[in-house]
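Commentary on secondary and tertiary structure
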Amino acid sequence: MTKPGAMHAWRRSDGRKGIRNTVVVTYLVECAHHVARQIVRPFEGMDVHVIGFPGCFPNDYSQRMMETLCTHPNVGGVLLVSLGCENFRKGQLFRHIEATGRPVELLTIQHSGGTEASVRLGRDWVSKTLSYLIDAPTVDMVPSELIIGTICGGSDATSGIAGNPAAGRAFDMLLAEGATCIFEETGELIGCEHIIAERAANPALANELVGSVKKAARYYADMGYGSFSQGNAEGGLTTIEEKSMGAYAKSGSACIQGIVKPCIVPPKQGLYLLDVVPDGPPRFGFPNINDNAEIIELISCGAHAVIFVTGRGSVVGSAISPVLKVCANPETFARMPEDMDVNAGRILSENASLEDVGTEIRDKVIALGQAGQTASERLGHQEFVLTYKSFDPLGPACLPNVAAA
Amino acid sequence: MNELLILHSDDNVGVLKNAVEKGVRQVVRDRSLVVSDSLSMGHKVAIREIRKGEMVLKYGVCIGLAKSEIPAGAHVHLHNLESRYTQIEDMETGQ
């Protein structure tokens, strides 16, 4: 029997629960992208999403991202679409998914008779899988089983004073209920790394937190973007620590339990920093080329949903996990309301408190597990981007409480 | 309408929710203050007297030190607030 206030979820073989039961159609090289896109066309408005990797050269990070995303708790089944001659380790990916008990199929265009035949075969498989998944039983899920990420994009002066602090209040509420929350964007935390370090669970982790911000500073400097300005003085920002605090405010005020990297699911509940900046010298370009590259990395850490704070007005969603958009600027909200889930601008225009808006964000996150949809889901947004990167393994001080878990 | 947003209970500055004219009266924590300048949204106003060298607190954390005495109601910006952030030491050398 369903407990009052519980969310409805699908239980996976690894014990995790998902708030969506999405079929992903995954292209393994850009050459298979069109076929993947054609396969999902008849399923518009249903939980069938296209994800994929464009490159033809193998890369450990993108291989691991694909393995992690295809077995994310929100994913119910996977169709892999291969051209045939790409260098992606598709057998390894297939076996990884198969081992979880999810329905999975590998469609190779070069062996299946080309575009039209592959599209037909792919659509048949998706139809069959959807009718199988529709009968899948659901279980109750409570807030302490949720993993929630947060990012900001399309920011303006309102993001740091209304949107991000309100998202921070929502994080504090969710963490008090036992959820796991993840924040990131170390490149925007320069200047407040010592403030962040003060919130670390222990001194070794504090050093790692400072180190991760330092790594971001060095990486951007190496790329020729070393000038972290004093912020926009016209917008009222005076110091770099103040500017960075505006972004950092969305992490709330809880103790930081650890640092994770993409594809690492936090080992126990609490607040974590996701370090998205590659290790070593820049090899493949920017750490993240756009907001969706960051969103999908939060999702790779198990995020069931992502809170996205915007000022100027982003419209994006994501494949796999819903993206809840919090609009900090009341004028932006009035201009594009159908794209927004929460009007945090009412803190500025209607005297609403940060707590009121934080509560609204928290409630709308929970509602996503109770048949609620985000604006970007309703509008069909399923953005996805995955590029080349390289990471070293996580240092031992990054997860100080694992042994105690 | 209260135009000053206090982001944290420890803060000694408030942030303007909208542009205001010089001389606007605001009540913060039962204390009345007069905004000293015409300022636009996002700018900071001292919500109590801040002594020279005292930490300026926003989001409940220190965003820099007061360069001079700042009376309640005064604009807090580049002229009276300085960063205490020291550049990450070896950012330039890449070490």
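Residues numbered from 1 in each chain as written. Chains lettered and ligands numbered in written order. Predicted model: local features only at pLDDT ≥ 70, side-chain atom pairs only at ≥ 80, totals over all residues. Heavy atoms only, no water.

By the naming in an unreviewed UniProt entry, chain B is SAF domain-containing protein, taken from Primorskyibacter sedentarius.

If you check an unreviewed UniProt entry, chain A appears there as Altronate hydrolase from Primorskyibacter sedentarius. Chain A has a UniProt comment under Sequence similarities (unreviewed entry) that states "Belongs to the UxaA family." (UniProt positions renumbered as here; feature names shortened; annotations may be inferred.)

Okay, the packing of helix H2 (residues 60–70) of chain A against helix H9 (residues 291–300) of chain A next. Residues and elements named next belong to chain A. Their axes nearest at 9 Å, the elements H2 and H9 cross at an angle of 60 degrees. As the angle between them shows, H2 and H9 are arranged oblique. Considering the relative orientation of H2 and H9, their crossing is left-handed. Contact with H2, carried on its side by Tyr61, Met65, Thr68 and Leu69, involves Ile296, Glu297, Ile299 and Ser300 of H9 and no other residues of that element. (Axes fitted to C-alpha atoms, helices over the stretch in contact; angles between N-to-C directions. Helix = DSSP H or I, 4+ residues; strand = E, 2+ residues; numbered from the N terminus. Parallel < 35°, antiparallel > 145°, perpendicular 65-115°, else oblique. Left-handed = near helix turned anticlockwise from the far one by under 90°. Contact = heavy atoms within 4.5 Å.)

With that settled, the discussion passes to the packing of aromatic side chains. Residue and element names in this part refer to chain A. Taken as a whole and assessed by the stated rule, the structure comprises five aromatic pairs over all chains. Residues Phe53 and Phe88 carry aromatic rings whose centres are separated by 6.2 Å and whose planes lie at 55 degrees to one another, so their mutual orientation is tilted. Separated by 35 residues along the polypeptide, Phe53 in the loop between strand E4 (48–52) and H2 and Phe88 in the loop between strand E5 (75–82) and helix H3 (90–98) bring together distant segments of the chain. Residues Phe53 and Phe88 agree in their burial class; the two are buried. Judged by centre distance (5.8 Å) and plane angle (45 degrees), the rings of Tyr61 and Phe391 are tilted. With Tyr61 in helix H2 and Phe391 in the segment after helix H13 (375–378), this residue pair connects regions lying 330 residues apart in the sequence. (Phe/Tyr/Trp six-rings, centres within 6.5 Å; stacked < 30°, edge-to-face > 60°. Buried < 20%, exposed > 50% of the residue type's maximum accessible area, 1.4 Å probe, protein only.)

Across the boundary between the two partners, chain B contributes 33 residues, which contact 35 residues of chain A. The salt bridge partner of Glu242 of chain A is Lys44 of chain B, with a shortest N-O separation of 2.8 Å. When contributions to the side of chain B that touches chain A are tallied by element, the ones reaching two or more residues are strand E2 (13–16), strand E7 (61–66) and strand E9 (81–82) of chain B. Take the side of chain B that touches chain A: its biggest share by element is four residues, from E7 of chain B. For the side of chain B that touches chain A, a count of residues per class yields 16 nonpolar, ten polar and seven charged. (Salt bridge = Lys/Arg side-chain N within 4 Å of Asp/Glu carboxyl O. Nonpolar A, V, L, I, M, F, W, Y, C, P; charged D, E, K, R; others polar.)

A few words on the UniProt feature "domain: SAF" (unreviewed entry) in chain B. The feature "domain: SAF" (unreviewed entry), as given by UniProt, occupies residues 11–82 of chain B in the numbering adopted here. With 0% helix and 40% strand, residues 11–82 of chain B has its two end C-alpha atoms placed 17 Å apart.

Residues and elements named next belong to chain A. Domain parsing of chain A yields domain 1 (7–139) and domain 2 (143–398). Between domain 1 and domain 2, the C-alpha centre-to-centre distance is 27 Å. In this assembly, 32 residues from domain 1 lie in contact with 34 residues from domain 2. Of all residues in domain 1, Met7, Arg20 and Tyr61 give up the largest surface area on contact with domain 2, accounting jointly for 26% of the area buried on that side. Taken together, the connections running from domain 1 to domain 2 amount to two salt bridges. Among the salt bridges present, the one from Lys17 reaches Glu145, with a minimum N-O distance of 2.8 Å. At the boundary of domain 1 and domain 2, one finds 15 residue pairs in polar contact (both at pLDDT 80 or more). Mapped onto the side of domain 1 that touches domain 2, the elements with two or more residues apiece are strand E1 (7–11), strand E2 (17–18), E4 and H2. Among the elements that make up the side of domain 1 that touches domain 2, the one with the highest residue count is H2 (seven residues). (Domains from an automatic or database assignment. Buried area = accessible area lost by both parts, 1.4 Å probe. Polar contact = N/O pair within 3.5 Å; in protein donor to acceptor, adjacent residues only side chain to side chain.)

Nonpolar side chains in soluble globular proteins tend to be buried together. Core analysis: the largest hydrophobic core is formed by 73 residues, its most contacted members being Leu146, Tyr248, Ile347 and Ile361 of chain A. Looking at which element gives the most residues to this core, the answer is helix H5 (residues 157–176) of chain A, with eight residues. Contacts of Ile347 of chain A, omitting those with residues within four sequence positions, involve Ala162, Ala166, Ala352, Ser353, Leu354 and Val357 of chain A together with Leu5 and Lys17 of chain B. (Core = buried A, V, L, I, M, F, W, Y, C linked by side-chain atoms within 4.5 Å.)

For the rest of this paragraph, the subject is the sheet that holds E7 of chain B. Strand order in the open sheet formed by three strands is E6-E7-E9 (chain B), with antiparallel pairing between adjacent strands. Each edge of the open sheet is held by one strand with a lone partner, namely strand E6 (55–58) and E9 of chain B. Summarising the sheet, E6 of chain B and E7 of chain B pair through three bridges and their orientation is antiparallel. The residue bridging Met55 of chain B from the neighbouring strand is Leu65 of chain B, located in E7 of chain B. Contacts between helix H8 (residues 240–248) of chain A and the sheet are confined to E6 and E7 of chain B, with E7 of chain B contributing the most and set at about 160 degrees to the helix. (Pairing = 2+ DSSP bridges.)

Residues and elements named next belong to chain A. The full count for this structure, using the stated rule, is zero disulfides over all chains. The closest cysteine sulfur to the non-disulfide-bonded Cys192 is located on Cys152, 12 Å from its own sulfur. No disulfide involves Cys255; its sulfur sits 13 Å from the nearest other cysteine sulfur, which is in Cys181. (Disulfide = S-S within 2.5 Å.)

To continue, consider the pairing of E1 of chain A. All names here are of chain A. Sheet analysis places E1 next to strand E7 (residues 139–141), joined by three bridges and oriented antiparallel. If you follow His8 over to E7, its bridge partner there is Asp140. Sheet topology note: the E1/E2 ladder contains two bridges and is antiparallel. Bridge pairing in E2 links Arg11 to Lys17.

Here the UniProt feature "domain: D-galactarate/Altronate dehydratase second" (unreviewed entry) sits at residues 10–131 of chain A. For residues 10–131 of chain A, the helix share is 37%, the strand share is 23%, and the end-to-end C-alpha distance is 16 Å.

Here Glu242 of chain A shows up in helix H8. As for Glu242 of chain A and Val309 of chain A, which are separated by 67 residues in sequence, their C-alpha atoms are 18 Å apart. The residues contacting Glu242 of chain A, other than those within four sequence positions of it, are Gly236 and Leu237 of chain A together with Lys44, Lys58, Tyr59 and Ile63 of chain B. One polar contact links the side chain of Glu242 of chain A to the main-chain amide nitrogen of Thr238 of chain A, over a distance of 2.6 Å.

Residues and elements named next belong to chain A. It is at 8 Å that the axes of helix H1 (residues 33–40) and helix H4 (residues 115–133) come closest, and there the two elements cross at 45 degrees. The pairing of H1 with H4 is recorded here as oblique in orientation. H1 and H4 meet at a crossing whose hand is right-handed. The segment H1 lies against H4, with His34, Val35, Gln38 and Ile39 engaging Thr115, Ser118, Val119, Gly122, Arg123 and Val126.

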